[in-house]
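The lines below spell out each chain.
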Amino acid sequence: MKSVRTALTTLALSVVGMSSAFASADHVNHVDTSLTYNSGILVLAFAGFLALVVVVQTIPAVISLYNMIKKTAEETSRQQQTVRANARD
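Residues numbered from 1 in each chain as written. Predicted model: local features only at pLDDT ≥ 70, side-chain atom pairs only at ≥ 80, totals over all residues. Heavy atoms only, no water.

*Asks:* What is the right way to read the overall build of the protein chain from this model?
*Replies:* Across its full length, the protein chain carries three helices and zero strands. Written out in order from the N terminus, the α and β elements of the protein chain read α-α-α. In the protein chain, which comprises 89 residues, the share counted as buried stands at 0%. (Helix = DSSP H or I, 4+ residues; strand = E, 2+ residues; numbered from the N terminus. Buried < 20%, exposed > 50% of the residue type's maximum accessible area, 1.4 Å probe, protein only.)

*Asks:* Explain the environment of threonine 76 here, please?
*Replies:* Position of threonine 76 relative to the elements: it lies in helix α3 (residues 41–88). There is a polar contact of 2.8 Å between the side chain of threonine 76 and the backbone oxygen of threonine 72. (Polar contact = N/O pair within 3.5 Å; in protein donor to acceptor, adjacent residues only side chain to side chain.)

*Asks:* It is not clear to me how a nonpolar patch on the surface should be interpreted in this structure. Could you clarify?
*Replies:* Together, Phe46, Phe49, Leu50, Leu52, Val53 and Val56 make up an exposed nonpolar region whose accessible area comes to about 560 Å². Looking at phenylalanine 46, the relative accessible area reads 52%, which means it is exposed. (Patch = residues over 30% accessible without salt bridge, like charges linked within 9 Å, V, L, I, M, F, W, Y side chains within 5 Å. Areas by Shrake-Rupley, 256 points an atom, 1.4 Å probe, with all protein chains shown as cover. Salt bridge = Lys/Arg side-chain N within 4 Å of Asp/Glu carboxyl O.)

Encoded structure:
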């Protein structure tokens, strides 16, 4: 039963993977990015600025996440020490 399930899963994933290949088989309606992308340096600079804003905003988020994990680990450590001290008494 497990081999049949594996075979059906493999077949389904193969069909899903090939669907984009069949969709792009029509060469008449393809998108030429050299013609579509006609923007200048200002558009690229703006996109770079937006990417920089996103990256700069992740720094405080990572620091906050680190501090939350550290605080939780310290509280857990204190609770374990209290439990061990009570168990000894």
